[in-house]
Amino acid sequence: THVAGTLCANGWLQGAAYGGKLLDIKTLTSAGGTIANVANGIALAVSNGAHVVNMSVGASGVSQNEINVLTRAIQNAWNAGVICVSASGNSG
């Protein structure tokens, strides 16, 4: 929500993407989730017309297969003209 407010604020303060539209896709719960959930969220964002996907996730013990699944989702987004951005500094 912090990033969304910074980008799309349209009140007294205006964001860098004033008037931009937000698409909220929840892929994880407070208990966590899977890399597949995140990859599916990226695909859903792309199929719904997103231009940028912003994520803040962390993981540990990720398998090579999970890395491949996430890499394919990000590459598919890139091929569709969608930029994926992720926070650094999260654990994992």
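Note: the structure precedes this text.
One structure accompanies this document, and this report is about it.

Reading the values: rules and limits
- Residues numbered from 1 in each chain as written.
- Predicted model: local features only at pLDDT ≥ 70, side-chain atom pairs only at ≥ 80, totals over all residues.
- Heavy atoms only, no water.
- Patch = residues over 30% accessible without salt bridge, like charges linked within 9 Å, V, L, I, M, F, W, Y side chains within 5 Å.
- Areas by Shrake-Rupley, 256 points an atom, 1.4 Å probe, with all protein chains shown as cover.
- Salt bridge = Lys/Arg side-chain N within 4 Å of Asp/Glu carboxyl O.
- Helix = DSSP H or I, 4+ residues; strand = E, 2+ residues; numbered from the N terminus.
- Axes fitted to C-alpha atoms, helices over the stretch in contact; angles between N-to-C directions.
- Parallel < 35°, antiparallel > 145°, perpendicular 65-115°, else oblique.
- Contact = heavy atoms within 4.5 Å.
- Expected span 1.5 Å × (residues − 1).
- Buried < 20%, exposed > 50% of the residue type's maximum accessible area, 1.4 Å probe, protein only.
- Arc of directions from axis to C-beta.

## Concerning a nonpolar patch on the surface
Move 1: Side chains of Val 52, Trp 78, Ile 83 and Val 85 sit close together on the surface and give an oily, nonpolar patch of about 400 Å² of accessible area.
Move 2: With respect to the element layout, Val 85 can be found in strand β2 (residues 83-86).

## Side note on the packing of helix α2 (residues 35-47) against helix α3 (residues 64-79)
Move 1: Two elements in contact, α2 and α3, have axes separated by 9 Å at closest approach and are oriented at 10°. Relative to α3, the element α2 is oriented roughly parallel. For the pair formed by α2 and α3, the contact residues are Ile 35, Val 38, Ala 39, Ile 42 and Val 46 on the first element and Glu 66, Val 69, Leu 70, Ala 73, Ile 74 and Ala 77 on the second.

## A look at α2
Move 1: End to end, α2 covers 18 Å across 13 residues, agreeing with the expected 18 Å (1.5 Å per residue, within 8%).
Move 2: If you check which residues of α2 are buried, you get Ile 35, Val 38, Ala 39, Gly 41, Ile 42 and Ala 45. The arc enclosing the buried residues of α2, seen along the axis, measures out at 155°, which places them on a common side. With respect to the buried face of α2, the exposed residues turned more than 90 degrees away are Asn 40 and Ser 47.

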